[in-house]
Amino acid sequence: MKLVDILEKLSNARGVAGREEAVGALMKELLTPHVDEIREDKLGNIIGIKAGKKEAPKVMLAAHMDEIGLMVKNVTKGGFIQFTKIGGIDDRILIAQNVIIETAKRPIAGVIGSKPPHILKDEEKKKAIEERDLFIDIGASSKEETKEMGVRVGDPISFDIKFAKAGEDTVIGKAFDDRVGCAALVEIMRKLPQVDATVYAVGTIQEEVGLRGATIAAFQLCPDIGIALDVTVAGDVPGVKEVEAPIKLRKGPSLTVADRGLITHPKVLRLFIDAAEESKIPYQLETGLPGSTDAARISLTREGVPSGTISIPTRYIHSPAALLSLTDVENTINLAIAATKNIRKYF
Ligand SMILES: [Zn+2]
């Protein structure tokens, strides 16, 4: 399967944080041909292992399988579904979105409803509608009817966006944060030759709600180095100042120097930069973003694990649809492979 097809499959799969089973099953299937061993831990992390030399360092590559979304909070008498957010979502992007509610019976399509503009007062038009004033319409006429359809409090809700090819090398889709990291992870394991290091390819759970899966995966695996493969904000769009978000599409993977949760270990940063320069892979350096990645938790495991993040520049992350360049993904894959091959020289 080609990278773009792997990404399409992963992007269309639904896996709001805490409900990653479908993505986990897909990751297991995609990783299995390229690893010596595959397993799932007690909370649902998927761990593929490529065994290296006994005395060589162990590297954990992590990409999170969960996506941001919503969760059923309450159903009104009239059958409208009120919800809470899972992960960081801006209320302004919720209105009029198509969604899928994952019930025990079947997935149900719905739309986030609102007052039509015709009947809005002028001051209402200027304000963003808050989460608590929004609701999902699934066409039910009563609370009882939603129950019969299978809807229960706590059911996960994901955005209903289908993967699409846009320009020459760009694609648009749901949950690129971090299914593109998952797709890169599969490709890294497929293309990686036998190296000295033992490589753990981990699809992690619940990153968006506090880097939880990576915490327990790193504890189990005791890696010597941790690398998160994730996305970062590409700010090369109208209205964003360069200083706010300097990372751009098609300029290569972004290497995080520091974010809110991690100051990248200098040896790891050196490993990345040397690998990129040796292999003539373009890269961008980034600092000052308020978020963080699985690498932050991996680094604080046990007595400490030197860690870093390689990010794919992505526009509109944490919204229903994002856009990225496949060339950036290829460069990210090649950089992670080049770095993994060189690990022994640094650790
Ligand atoms: Zn992410």
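One can find the structure itself at the top, above this paragraph.
So, here's what we can say about the structure. Predicted model, so just to flag it, every value in this text is computed and none were measured. (Residues numbered from 1 in each chain as written. Predicted model: local features only at pLDDT ≥ 70, side-chain atom pairs only at ≥ 80, totals over all residues. Heavy atoms only, no water.)

### Considerations on unusual backbone geometry
What counts here: Per the convention used, a helix needs a DSSP run of H or I reaching at least four residues, while a strand needs a run of E reaching at least two, with both numbered from the N terminus. The rule is simple: take the accessible area with a 1.4 Å probe, protein chains only, and divide by the maximum for that residue type; under 20% is buried, over 50% is exposed, in between is partly exposed.
For the bond from Asp177 to Asp178, the omega torsion is 10 degrees, close enough to zero to count as cis. If you trace the backbone, Asp178 turns up in helix α5 (residues 176-191). Of note, the phi angle at Gln206 is positive, near 50 degrees, even though the residue is not glycine. Examined against the element boundaries, Gln206 turns out to sit in the loop between β12 (198-204) and α6 (212-221). A positive phi angle, close to 55 degrees, is found at Lys280, a residue other than glycine. Relative to the assigned elements, Lys280 resides in the loop between α7 (266-278) and β15 (284-289). With a relative accessible area of 73%, Lys280 lands in the exposed category.

### Considerations on the pairing of β12
Convention followed: One bridge is not enough; two strands pair if DSSP finds at least two bridges between them.
Taken across its seven residues, β12 has seven buried, putting it largely inside the fold. Residues Thr198, Tyr200, Val202 and Thr204 of β12 are buried on one face, and the alternating residues Val199, Ala201 and Gly203, pointing to the opposite face, are buried as well. With five bridges connecting them, strand β2 (residues 46-50) and β12 associate as antiparallel partners. The residue bridging Ile49 from the neighbouring strand is Tyr200, located in β12. When strand β3 (residues 58-64) meets β12, the two strands line up parallel, connected through seven bridges. From the neighbouring strand, Lys58 faces β12, where its bridge partner is Thr198.

### Concerning the environment of Ala104
Of note, Ala104 is situated in the loop between β6 (98-102) and β7 (107-113). When the C-alpha positions of Ala104 and Met149 are compared, they lie 9.4 Å apart, and in sequence the two are 45 residues distant.

### Section: the side chain of Glu67
The test is simple: Distance and chemistry together define a polar contact, namely a pair of N or O atoms within 3.5 Å, with one atom able to donate a hydrogen and the other to accept it when in protein, and with adjacent residues in sequence counting only for side-chain atoms on both sides. Pairs of residues are marked as contacts when any of their non-hydrogen atoms sit within 4.5 Å.
Along the chain, the position of Glu67 falls in the loop between β3 and β4 (69-75). When its relative accessible area of 1% is taken as the criterion, Glu67 is described as buried. Within the structure, the side chain of Glu67 is placed 2.9 Å from the side chain of Lys174, a separation counted as a polar contact. Among all residues touching Glu67, those that are not within four sequence positions of it are Ala13, Arg14, Gly15, Val16, Ala17, Ser158, Lys174, Ala175, Asp177, Arg179 and Glu208.

### Side note on the nonpolar core
Here is the rule we go by: Think of a nonpolar core as a cluster: buried Ala, Val, Leu, Ile, Met, Phe, Trp, Tyr and Cys residues, connected wherever their side-chain atoms sit within 4.5 Å.
With 61 residues, the main nonpolar core has Leu7, Leu10 and Met27 as its most contacted residues. Ranked by residues supplied to this core, first place goes to helix α9 (residues 326-346) with 10 residues. With residues up to four places along the chain from it excluded, the contact list for Leu7 reads Phe163, Val171, Phe176, Arg179, Val180, Ala183, Leu324 and Leu326. Membership of the second largest hydrophobic core comes to 21 residues, among which are Ile68, Ile81, Phe83 and Ile101.

### Describing the coordination of the zinc ion
Quick reminder of the rule: Only nitrogen, oxygen and sulfur atoms count as donors, using a 2.8 Å cut-off from the metal that widens to 3.2 Å for Na, K and Ca. Water is left out, so coordination shells may look unfilled. Angle rules define the geometry names used: all angles between 85 and 135 degrees makes four donors tetrahedral, while opposite donors over 155 degrees apart and all other angles between 65 and 115 make four donors square planar and six octahedral, leaving every other case irregular.
Summarising the metal site, the zinc ion is bound by the protein donors His64 (NE2), Asp177 (OD), Asp230 (OD) and Asp230 (OD), whose distances to it range over 1.9 to 2.8 Å. Geometry at the zinc ion is irregular, judged from the four donor atoms that bind it and their angles of 49 to 141 degrees at the metal. One chain supplies every donor to the zinc ion, and in sequence these donors are spaced H-x112-D-x52-D. Pair noted here: His64 is in strand β3 and Asp177 is in helix α5, with a separation of 113 residues, a long-range link. For the pair His64 and Asp177, a shared accessibility class is recorded, and that class is buried.

### Describing the packing of helix α2 (residues 21-31) against α5
This is how it is decided: Each axis is a line fitted through C-alpha atoms, and for a helix only the stretch in contact is used; angles between axes span 0 to 180 degrees, taken between their N-to-C directions. Here the angle decides the label: under 35 degrees means roughly parallel, over 145 means roughly antiparallel, 65 to 115 means roughly perpendicular, and every other value means oblique. Helix crossings are classified by the rotation of the near helix relative to the far one: an anticlockwise turn of less than a right angle makes the crossing left-handed, while a clockwise turn makes it right-handed. Side-chain classes are defined by residue name, with Ala, Val, Leu, Ile, Met, Phe, Trp, Tyr, Cys and Pro counting as nonpolar, Asp, Glu, Lys and Arg as charged, and the others, Gly among them, as polar.
In contact at an axis separation of 10 Å, α2 and α5 are set at 20 degrees when each is read in the N-to-C sense. When the interaxial angle is binned, α2 and α5 end up roughly parallel. The handedness of the crossing between α2 and α5 comes out as right-handed. Every residue of α5 that contacts α2 at Val23, Met27, Leu30 and Leu31 is listed here: Arg179, Cys182, Leu185, Val186 and Met189. Residues of the contact of α2 with α5, tallied by class, amount to eight nonpolar, no polar and one charged.

### Notes on a positive patch on the surface
Just so we agree on the cut-off: Like charges within 9 Å and nonpolar side chains (Val, Leu, Ile, Met, Phe, Trp, Tyr) within 5 Å are joined into patches, using only residues over 30% in relative accessible area that form no salt bridge. All accessible areas in this document rest on Shrake-Rupley with a 1.4 Å probe, and a residue is counted as covered only by the protein chains that are shown. Definition used for salt bridges: Asp or Glu carboxyl oxygen within 4 Å of a side-chain nitrogen of Lys or Arg. In this tally, Lys and Arg are treated as positive and Asp and Glu as negative; His is ignored, and so are the chain termini. Taken as the charge centre is NZ of Lys, CZ of Arg, CG of Asp or CD of Glu, depending on the residue.
Residues Lys77, Lys105, Arg106, Lys143, Lys147 and Arg152 make up a contiguous surface patch of positive charge. Topologically, Lys147 is positioned in helix α4 (residues 143-149). We classify Lys147 as exposed; its relative accessible area is 52%.

### What to know about the packing of α5 against α9
Contact pair α5 / α9: the axes reach a minimum separation of 9 Å and the direction vectors enclose 50 degrees. Taken together, the axis directions place α5 and α9 in an arrangement best described as oblique. Regarding α5 and α9, the two cross each other, and that crossing is right-handed. Residues Val180, Ala184, Glu187, Ile188 and Lys191 of α5 form the contact with α9, whose participating residues are Val329, Glu330, Ile333, Asn334, Ala336 and Ile337. In terms of residue class, the contact of α5 with α9 is built from seven nonpolar, one polar and three charged.

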